[in-house]
Amino acid sequence: MTMEQQQEIESQLTHFMNLFAGFSLNLESIRDKLASTRPSLNFSQFLDACTEFLSNPAAVKDISSETNLLKKSQLLLQLLKEHQDMITGISEQIQQNLGEPVLEKDFVQQEINHVQKMLQKDEQSYQVASKYISLFQSRLGNCKLPEQVATTINEEIEKLKELETYHSEFGLMCDYLDFVSSLPWDNYTKDNFDIHRASDILDQGHYGLKDVKERIKEFIATGAMTGTVKGKILCFTGPPGTGKTSIAKSIANTLDRQFHRISVGGTVDPSEIKGHRRTYIGSRAGKIINGMKQTKSSNPVLLIDEIDKIGRDPANCLLEALDPSQNTNFMDNYLDLPFNLSDVLFICTSNDHTKILPPLLDRMEVIEISGYVSQEKMEIAIQCLIPNEIEKIGLQKDVVTIGNDALNQVILQYCIDPGIRTLKKFIQRIFSKACLQIARGLKTRIHVDKENLQEYIDVSPPPRRRYYDSLPIGVSLSIHASYGSLLQYVETTVALGNKDKIKTTGSMGDVITESTNIAYTYAQNYLAKIDPQSNFFEKNSIHIHFPTGSIPKDSAACGAAIVTSLLSLALGTPAQDIAIIGEITLSGLILEAHGIKEKAIAAQTVGINEVILPVNNQAEWEQLEDIVKKDIKVHYVQNYHQVYPILFPQLHHPSNILN
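Residues numbered from 1 in each chain as written. Predicted model: local features only at pLDDT ≥ 70, side-chain atom pairs only at ≥ 80, totals over all residues. Heavy atoms only, no water.

Under an unreviewed UniProt entry, the name given to the protein is endopeptidase La, and the organism recorded is Arcella intermedia. Per UniProt, the protein has the following entry under Catalytic activity (unreviewed entry): "Hydrolysis of proteins in presence of ATP." (UniProt positions renumbered as here; feature names shortened; annotations may be inferred.)

Okay, structure coming up:
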């Protein structure tokens, strides 16, 4: 030991004696203990003796484990000063409580009682902290934690040991450690790749959807060959009520994985995905890490629902979580530790996958789920919806029955949506009305058929979906698919007194507006070829309207129909009652359209039995199930000059028309 260190120790020794003289004046046991331990003999023994008077077990442990005498004396000196301040505060508080002068022995007794209560409180605080720490350590005992995670957790536990239970940070730190220790760091379930079992589960839960089921079985079969479905992101897209969420649940059941649904529709705050930092009051983890906690599995199926309706900022946060090359070390702001999401199977759902952020969409395998035709809805109602409603209400099997004729009328007249939610609501309405009559004692058994259906539905049928029995002059017919499949008329008329050449109305988006301008130019040129003497477009202003103005429209697939409507108006001849689908170009090419199955279902629903399709959609049409394209005649075209004789067979079609 150097001379300087010896002088420093002697200086601190003087402080020790003064401190103990100050707060042990009335404690005989402390004074006697110090008298028997002389620092001149062994300074280390003196420090150990002083340490015994500390009430903080964590502090005693830290000081006792320190081997450097100088550092040890500095730690002890700091704690003794804190004790002195505490004793001084206690004395002042007791004197204030007693009020008037008292005997010294009474004052000392009050002081001893107060100190004993504080020591007891410290001991209880230590026991509570130990209980929490034991719980956290027991949860993490068998986990194979990454080195960084293990180090951080141990540091947090050591900090917790030093805090009193009444400290503001104690509860926050306990909440954090409770959350961290509840996460599935190393808890995997074994995947089941039995393809026959997968078929049974999918068929049991869903009627139809043959192509969707086939894609899912291909996905599972690939997993069986590779031993994992790691790195796959599925996206089910289609109209509401078509079973996207339930299919995701079936995949989880097939693989024997835990399932959790995360709804992100309308989310605009990135903290909902990535969590809040712990510095904020009320901070919490994001939805993804919370989902992992709830499943208690390291490889669950997480469903990101309504991903096409999420804001741009949170969508950017999803990139890190969904990208297989990044999600091995996903960082949640609250957790502030790398968490491995690479074994999670992410499944997303959307109504319109074109609205998904392109970098996100690029990482997904998109599986389109179209709607159901009337026959499929009938089978779903008979096999699933009606039995489920009977079980839910608790009725006996034959107390309330619905005839097939009544079901068919409900489907055809009321259920225009491609999904089954509307059908489910009407079935619930029928059973509710029937239960009311039974409860009133009016009937004991009820059979709903076509004749008494209106009594139980109590809703007037919606307006006719087809506005015209036959198309008038200036009107053409197409099919527009958006949030379901809808019949789309295109109406044109001469706009008297309008200075602009064309005027458009009907909730049109940018794409369909451009398509309208292209169609107008092509119709002018085409009319000049078939009727060179006509100057109809030069002398008239045209108003183009898309009915059902409350529904947004933004598809180029109506381009050929717009040309047809304009030519019908210019020629004064109605077009045939045939739906035409396809984008038009300035040269007259008919380009392929999207959502052919949805358009086929719409045609079935509204009774269209003849359509014109682009030749590039022929393969897609022929792959459709027979039940979808049943009784629909199809014309495949490549250029509008092939369309004209089909829609206007009564007019002369010159053979020298240029393509």
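Read on for the rest.
**Student:** Go over the packing of helix α16 (residues 374-393) against helix α17 (residues 404-414), please, and point to the residues and values.
**Tutor:** The angle between the axes and the distance between the axes are what describe a pair of packed helices. At their nearest, the axes of α16 and α17 sit 10 Å apart, and the two run at 125 degrees to each other. With respect to their mutual orientation, α16 and α17 come out oblique. α17 is crossed by α16, and the crossing has right-handed handedness. Packed against α16, whose contacting residues are Ser-374, Lys-377, Met-378, Ala-381, Ile-382 and Ile-386, the element α17 presents Asn-404, Leu-407, Asn-408, Ile-411 and Leu-412 at the interface. Class assignment of the residues belonging to the contact of α16 with α17 gives a composition of 7 nonpolar, 3 polar and 1 charged. (Axes fitted to C-alpha atoms, helices over the stretch in contact; angles between N-to-C directions. Helix = DSSP H or I, 4+ residues; strand = E, 2+ residues; numbered from the N terminus. Parallel < 35°, antiparallel > 145°, perpendicular 65-115°, else oblique. Left-handed = near helix turned anticlockwise from the far one by under 90°. Contact = heavy atoms within 4.5 Å. Nonpolar A, V, L, I, M, F, W, Y, C, P; charged D, E, K, R; others polar.)

**Student:** Any chance you could break down the sheet that holds strand β3 (residues 301-305) for me, citing the residues and the numbers?
**Tutor:** The strand order β2-β3-β6-β1-β7 describes an open sheet built from 5 strands, whose pairing is parallel. The open sheet has two edge strands with one neighbour each: β2 (259-263) and β7 (365-368). The sheet shows a mean angle of 20 degrees between the axes of neighbouring strands, taken without regard to direction. The sheet contact formed by strand β1 (residues 233-237) and β7 spans 4 bridges and is parallel. Bridging across to β7, Phe-236 finds its partner in Ile-367. Sheet strands in contact with helix α10 (residues 210-226) are β1, β6 (345-350) and β7, and its direction is about 150 degrees off that of β7. (Pairing = 2+ DSSP bridges.)

**Student:** Can you explain the pattern of salt bridges? Please cite residues and give values.
**Tutor:** Note that side chains of opposite charge can pair when their charged atoms are close. Counted according to the given criterion, the structure contains 17 salt bridges. With a shortest N-O distance of 3.5 Å, Lys-433 and Asp-458 are connected by a salt bridge. You can see Lys-433 sitting in helix α18 (residues 421-439) and its partner Asp-458 sitting in the loop between α19 (453-457) and β10 (475-481), a full 25 residues away along the chain. Taken together, the salt bridges that share partners define one network made up of Glu-156, Lys-159 and Arg-278. (Salt bridge = Lys/Arg side-chain N within 4 Å of Asp/Glu carboxyl O.)

**Student:** Account for the packing of helix α7 (residues 147-161) against helix α8 (residues 168-182), naming residues and giving values.
**Tutor:** Where α7 contacts α8, the two axes come as close as 10 Å, and the packing angle between them is 150 degrees. Compared by their axis directions, α7 and α8 come out roughly antiparallel. The crossing of α7 and α8 is left-handed. Contact residues: Ile-153, Glu-156, Ile-157, Lys-159 and Leu-160 in α7; Phe-170, Met-173, Cys-174, Tyr-176, Leu-177 and Val-180 in α8. Residue classes in the contact of α7 with α8 are distributed as 9 nonpolar, no polar and 2 charged.

**Student:** Describe the packing of aromatic side chains, with residues and values.
**Tutor:** With the rule as written, the count across this model stands at 13 aromatic pairs. Ring centres of Trp-185 and Phe-339 lie 5.0 Å apart, and the angle between their planes is 55 degrees; this geometry places the pair in the tilted category. You can see Trp-185 sitting in the loop between α8 and α9 (195-205) and its partner Phe-339 sitting in strand β5 (residues 338-339), a full 154 residues away along the chain. Look at Trp-185 and you get buried, because its relative accessible area is 10%. Accessibility expressed as a relative area gives 2% for Phe-339, which makes it buried. Ring geometry for Tyr-468 against Tyr-489: centres 5.2 Å apart, planes inclined by 85 degrees, an arrangement best described as edge-to-face. Here Tyr-489 lies in strand β11 (residues 485-494) and Tyr-468 lies in the loop between α19 and β10, a separation of 21 residues in the sequence. (Phe/Tyr/Trp six-rings, centres within 6.5 Å; stacked < 30°, edge-to-face > 60°. Buried < 20%, exposed > 50% of the residue type's maximum accessible area, 1.4 Å probe, protein only.)

**Student:** Now, about the environment of Ser-541: what can you tell me, with residues and values included?
**Tutor:** Along the chain, Ser-541 turns up in the loop between α21 (536-539) and β13 (542-545). Accessibility expressed as a relative area gives 10% for Ser-541, which makes it buried. As for Ser-541 and Asp-500, which are separated by 41 residues in sequence, their C-alpha atoms are 6.3 Å apart.

**Student:** Just give me the short version of helix α11 (residues 244-255), but keep the residues and values in it.
**Tutor:** Because each turn of an α-helix spans 3.6 residues, side chains separated by three or four positions in sequence point in the same direction. Across its 12 residues, α11 extends 17 Å between first and last C-alpha, which sits within 8% of the 16 Å expected from 1.5 Å per residue. Of the residues making up α11, those classed as buried are Lys-244, Ile-247, Ala-248, Ser-250, Ile-251, Ala-252, Thr-254 and Leu-255. Close packing links the buried residues of α11 with α9, α10, β1, β2, β3 and β6. Following α11 by one or two positions, Asp-256 has its phi on the positive side, about 60 degrees. (Expected span 1.5 Å × (residues − 1).)

**Student:** Outline the environment of Glu-156, listing residues and values.
**Tutor:** Inspection of the secondary structure puts Glu-156 in helix α7. The buried category is assigned to Glu-156, whose relative accessible area is 9%. Excluding residues within four positions of it along the chain, Glu-156 makes contact with Met-173, Tyr-176, Leu-177 and Arg-278.

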